[in-house]
Amino acid sequence: MLVEIRNKPLLVRFGLLLAAIIIYILLFSLFSTLNNNLLIIIGLLPVILLGWLFGRRVGLITSLFLLLAVYLVNSRNDFSGSLFQNGTAIYAGLLFAGSSALFGWLSDLLQKMNKQAQQLQGFQDSLQIEPDEQPHKENDLGFRNTELKTLNQQLKEMVADLEKKVTKRTAELEECQLRYSLAVSSTFTGIWDWNLSTKNAYFSPRWYEILGLEVQDSETDLSTWLDRIHEEDIQQVKKALDFHIDGVTPYLESEHRICHHDGTYRWALVRGIASRDQNGKVTYMAGSLSDITQRKTLEEQLERAALFDPLTGLPNRALFMDRLRQTLERFKRRPDGQFALLVINLDHFRLVNDNYGHAYGDELLISIVKRLTARLRTEDTLARLGGDELALLVEDASSGSEAIMVAERILEEFVEPFQIKDRFIYSDTSIGIKLAVAEPANIDDLLRDASTAMWLAKSAGRGRYEIYNRKMHGLAVERIQLQTDLRRAIKRGEFRVFYQPLIRLDTEAISGFEALVRWQHPEHGLLEPNKFIPLAEESGLIEHIDLIVLKAACLQGVAWHSKFASDSPLSISVNFSGRHFSSTTVVNKIDAILKETGFSTASLILEVTESAMMANTDMANEVISILQERGIRFHMDDFGTGYSSLSYLHRFPFHTLKIDRSFIRDLNDHPENKEIVQAIIALAKNLGMQVIAEGIEHIDDLRSVRSLSCTLGQGYLFSKPISSQEAMDLISANISRGSDG
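Since we're looking at a predicted model, the values are computed, not measured. (Residues numbered from 1 in each chain as written. Predicted model: local features only at pLDDT ≥ 70, side-chain atom pairs only at ≥ 80, totals over all residues. Heavy atoms only, no water.)

### Let's talk about the overall build of the protein chain
For step 1, the next point in the chain: Of regular secondary structure, the protein chain possesses 25 helices and 21 strands.
For step 2, the next point in the chain: When each of the 741 residues of the protein chain is scored for burial, the buried share is 41%.
For step 3, the next point in the chain: For the protein chain, the accessible area works out to roughly 40,700 Å², and carbon and sulfur atoms hold 54% of it. (Helix = DSSP H or I, 4+ residues; strand = E, 2+ residues; numbered from the N terminus. Buried < 20%, exposed > 50% of the residue type's maximum accessible area, 1.4 Å probe, protein only. Areas by Shrake-Rupley, 256 points an atom, 1.4 Å probe, with all protein chains shown as cover.)

Take a look at the structure:
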């Protein structure tokens, strides 16, 4: 009961204490005559109750204050014969204090034991088994022990399972760390982070390795990175960094040049992302640095390949057209800044590729470009438009004469041969000039007009230049249409073969005929060779046309030999393009025609020009030698207009030299021509060759060549090219005249 009173609320305990004091006062009043010891015992009751109700601390403190009060009262007042005489008050105070403290301590002890008992009871209640579930084991201590063991075992299993999970997670974490480390190492990517609060930065060992620096274990600041950035790139890097910190960009990404330890600059790609606090302020950044120098180099190479010719290093068509566009825009703003556009085509360049191989062709093109660039101004732009075609932009050309001077300097560079490896190769060029003296419509028109002039220069004989005029446009359109018609003419058989006699100058007897092709155009009528042969050469159609003429001439020769039998049968000469001599396949084609027609090889003569032999001298010599073994003879046509190289005369087994008509015409009026012809005739005799004088049109020409001991000739003085029937009539008349003589 006393323990339960201790647990009562504070007000209740104060009430009980007050009641005890009141009772003590009443008893003291009623029994004041009692002796002091009895009064002391009665006074113990409220003091003991005080300690019991409020604990030992409160009881002890209160008793001490009471003892002090009694002492003070006793020292100031005299209560003779009372409770406080003879030191009894001090004795009573000590007794009261000790009793209150003792019973307070007992009260605390009993209260503590009561709490422990309640806790034990609660624990027992928690372990108590419901009667309806285990009616027979309610007080079975063994069962409870078994249950505790079971719980203990389950706890151990849970701990073991937890340890396994922790071990597994630890292994997975280590594996992830290893995988991350290998991934970072394999990509050669450096890691960095930046604490914006402390301004400290960390750079991984790979980061230092990329820049060739020694690894620093201690933290540094961002200047380790920023101070090494190229001065032209630093501002854009800082701008990208600020943009990301300010939230303008979702992440940091910057490509810039950074200084390597060896002093060179490498291209680096820096990526990063910021971590922000609740207020959106950046507190931390982390990212990576990658060396992209190789990628940048490749990009530059690709960009250069897109704008420059990989073989010559010249600007390609795309870049040249862009520069031409810029020049045209400046011209429109400042019309006095005239310019000129030159289109340069390399003659017979395809033959070099076909005969010697593309390696020789490439080397020839490189050599040509080197020669040209050495003669050009730095402000002029030379470009390769493609294949064998170049273009030159001459800026600030105040007059057409400047463009002409440039064109003439270019032509001079082609006079001397080009040494390619162990060979000397001659090359010609044809140049078209477009002067921007009035405002052109666009750059395409500029290039078209210059190309038109170039093709007309090529058609006029190559190795020359032409300046564009408006009349040329119509000629260019006509030329394109003519090329289309030329292909159709081969299929439709529109070519006709005419024959011009070869005359013995001493007797004026017919020695043979030269087969000359004409084109019976359905709209333009009969076209001379100079109207379509250059176009056929450029397009490659000349090979088909030559074989058509050869077959027709062989058939006609068989007919003449059959009708005009002779110990010295008439020969037939056929012009052959140099394209045929790039391969020995032409031998099989000629053999097939001769077999089909039955024409004698001893009566067949193939005429080739000097320039045709220069393209591939070795292959040409081989083809000529094979055909000569079959009895076919060869004439060098237009001798004196090409290279006139004595070394080639020795190498090629020609039977006859044909002096070009330009030397024979007006021979008496040009003494220098007479000297040249005389030298050619003497040279031919020394080499055991015959000489044919072409272009004998007047009787004076005939007298002149006779006086130079030339034995053979042809020209309009004897006969123009005539049809096969007219030639047959001419043969009959010549035979009759000879028999009459």
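Still to come is the rest of the account.
### Here we look at the sheet that holds strand β5 (residues 282-291)
For step 1, the next point in the chain: What the 5 strands build is an open sheet, ordered β2-β1-β5-β4-β3; its pairing is antiparallel. Only two strands of the sheet have a single partner each, and these edge strands are β2 (200-203) and β3 (252-259). Averaged over all pairs of adjacent strands, the angle between strand axes in this sheet comes to 25 degrees, irrespective of strand direction.
For step 2, the next point in the chain: When strand β1 (residues 189-195) meets β2, the two strands line up antiparallel, connected through 4 bridges. If you follow W192 over to β2, its bridge partner there is F203.
For step 3, the next point in the chain: Contacting β1, β3, β4 (265-276) and β5, helix α8 (residues 234-245) runs over the sheet at an angle of about 155 degrees to β3.
For step 4, the next point in the chain: Running at roughly 120 degrees to β4, helix α9 (residues 293-307) makes contact with β3, β4 and β5 of the sheet. (Pairing = 2+ DSSP bridges. Axes fitted to C-alpha atoms, helices over the stretch in contact; angles between N-to-C directions. Contact = heavy atoms within 4.5 Å.)

### Some thoughts on the nonpolar core
For step 1, the next point in the chain: Counting residues in hydrophobic clusters, the biggest one holds 72 residues, and the most contacted among them are W560, V574, F576, I590, L606 and V705.
For step 2, the next point in the chain: Here this core takes 8 residues from helix α17 (residues 542-563), the largest share from any one element.
For step 3, the next point in the chain: For W560, the contacting residues outside a window of four places in its chain are Y499, F513, I572, S724, A727, M728 and I731.
For step 4, the next point in the chain: I344, I410, L411 and I431 belong to the second largest nonpolar core, which has 31 residues in total. (Core = buried A, V, L, I, M, F, W, Y, C linked by side-chain atoms within 4.5 Å.)

### Observations regarding the packing of aromatic side chains
For step 1, the next point in the chain: One pass over the structure, following the stated rule, counts 12 aromatic pairs.
For step 2, the next point in the chain: Between F203 and W207, the ring centres sit 4.2 Å apart and the planes meet at 35 degrees, which makes this aromatic pair tilted.
For step 3, the next point in the chain: Overall, the relative accessible area of 2% leaves F203 in the buried class.
For step 4, the next point in the chain: Considering the side-chain rings of F414 and F418, the 5.8 Å spacing of their centres and the 65 degrees angle between planes classify their relative orientation as edge-to-face. (Phe/Tyr/Trp six-rings, centres within 6.5 Å; stacked < 30°, edge-to-face > 60°.)

### Topic: the environment of R375
For step 1, the next point in the chain: With respect to the element layout, R375 can be found in helix α12 (residues 358-375).
For step 2, the next point in the chain: Judged by its relative accessible area of 32%, R375 falls in the partly exposed class.
For step 3, the next point in the chain: It is 8.9 Å that separates the C-alpha atoms of R375 and E413, two residues lying 38 residues apart in sequence.
For step 4, the next point in the chain: When residues no more than four places from it in sequence are discounted, the contact partners of R375 are R409, E412 and E413.
For step 5, the next point in the chain: Of the polar contacts made by the side chain of R375, one reaches the side chain of E413; its length is 2.5 Å. (Polar contact = N/O pair within 3.5 Å; in protein donor to acceptor, adjacent residues only side chain to side chain.)

### Points about the confidence of the model for the protein chain
Caution applies to low-pLDDT parts of the model: their predicted coordinates are not meant to be read in detail.
For step 1, the next point in the chain: Overall, the prediction assigns the protein chain a mean pLDDT of 79, with 74% of residues at 70 or greater.
For step 2, the next point in the chain: For residues 77-87, every residue scores under 50 in pLDDT, and the model assigns this stretch 13 contacts once sequence neighbours within four places are set aside.
For step 3, the next point in the chain: Here residues 131-138 is a poorly scored stretch, pLDDT under 50, and it has 6 contacts once near neighbours within four places are set aside; other chains count. (pLDDT = per-residue confidence, 0-100.)

### Considering the sheet that holds strand β12 (residues 465-467)
For step 1, the next point in the chain: With mixed pairing, 5 strands are arranged side by side in an open sheet as β7-β8-β6-β11-β12. For this open sheet the edge positions go to β7 (381-386) and β12, each flanked by a neighbour on one side alone. Shown here is a sheet whose adjacent strand axes are inclined to one another by a mean of 20 degrees, direction ignored.
For step 2, the next point in the chain: Inspection of the sheet shows strand β6 (residues 340-347) paired to strand β8 (residues 389-394) by 6 bridges, in the antiparallel sense. Directly across from L342, in β8, lies its bridge partner L392.
For step 3, the next point in the chain: In this fold helix α13 (residues 400-412) packs onto β6, β8, β11 (428-435) and β12, with an angle of close to 170 degrees to the strand it touches most, β11.
For step 4, the next point in the chain: The strands touched by helix α14 (residues 443-459) are β6, β7, β8, β11 and β12; relative to β11, the strand with the most contacts, the crossing angle is about 140 degrees.

### Focus: the pattern of salt bridges
It is possible for side chains bearing opposite charge to pair when their charged atoms get close.
For step 1, the next point in the chain: What the rule picks out here adds up to 33 salt bridges.
For step 2, the next point in the chain: For R492, the salt bridge identified is with E494, shortest N-O distance 3.9 Å.
For step 3, the next point in the chain: When its relative accessible area of 55% is taken as the criterion, R492 is described as exposed.
For step 4, the next point in the chain: Across the pair K551 and E596 runs a salt bridge whose closest N-O atoms are separated by 2.9 Å. (Salt bridge = Lys/Arg side-chain N within 4 Å of Asp/Glu carboxyl O.)

### Concerning α13
For step 1, the next point in the chain: Here α13 is 13 residues long and its end C-alpha atoms lie 19 Å apart, about the 18 Å a rise of 1.5 Å per residue gives.
For step 2, the next point in the chain: Where α13 is concerned, the buried positions are A403, V406, A407, I410 and L411. Down the axis of α13, the buried side of the element spans an arc of 140 degrees, and every buried residue falls inside it.
For step 3, the next point in the chain: Tucked inside the fold, the buried residues of α13 contact β6, α12, β8, β11 and β12. (Expected span 1.5 Å × (residues − 1). Arc of directions from axis to C-beta.)

### Focus on the environment of E697
For step 1, the next point in the chain: Note that E697 resides in the loop between β20 (690-693) and α24 (699-707).
For step 2, the next point in the chain: Between the alpha carbons of E697 and F718 there is a distance of 7.8 Å; along the sequence they are 21 residues apart.
For step 3, the next point in the chain: When neighbours within four sequence positions are excluded, E697 is seen to be in contact with R661, Y716 and L717.

### Examining the packing of helix α18 (residues 585-597) against helix α20 (residues 617-629)
For step 1, the next point in the chain: Viewed as axis vectors pointing N to C, α18 and α20 meet at an angle of 25 degrees, and their least axial separation amounts to 10 Å. With respect to α20, the element α18 is oriented roughly parallel. For the crossing formed where α18 meets α20, the hand is right-handed. Across the interface between the two elements, V586, V587 and I590 of α18 pack against V623, I626 and L627 of α20. (Parallel < 35°, antiparallel > 145°, perpendicular 65-115°, else oblique. Left-handed = near helix turned anticlockwise from the far one by under 90°.)

### With respect to α14
For step 1, the next point in the chain: With 17 residues, α14 ought to run about 24 Å at 1.5 Å a step, and its terminal C-alpha atoms sit 24 Å apart, in line with that.
For step 2, the next point in the chain: Listed in full, the buried residues belonging to α14 are I443, L446, L447, D449, A450, S451, T452, A453, M454, A457 and K458.
For step 3, the next point in the chain: The N-cap of α14, judged by a side-chain oxygen 3.1 Å from the amide nitrogen of D444 a few residues on, is N442.
For step 4, the next point in the chain: Directly after α14, the chain includes G461, whose backbone phi takes a positive value near 135 degrees.

### Concerning a nonpolar patch on the surface
For step 1, the next point in the chain: A cluster of nonpolar side chains, L155, M158 and V159, forms an exposed patch at the surface whose accessible area comes to about 290 Å².
For step 2, the next point in the chain: Counting through the fold element by element, V159 comes out in helix α5 (residues 141-186). (Patch = residues over 30% accessible without salt bridge, like charges linked within 9 Å, V, L, I, M, F, W, Y side chains within 5 Å.)

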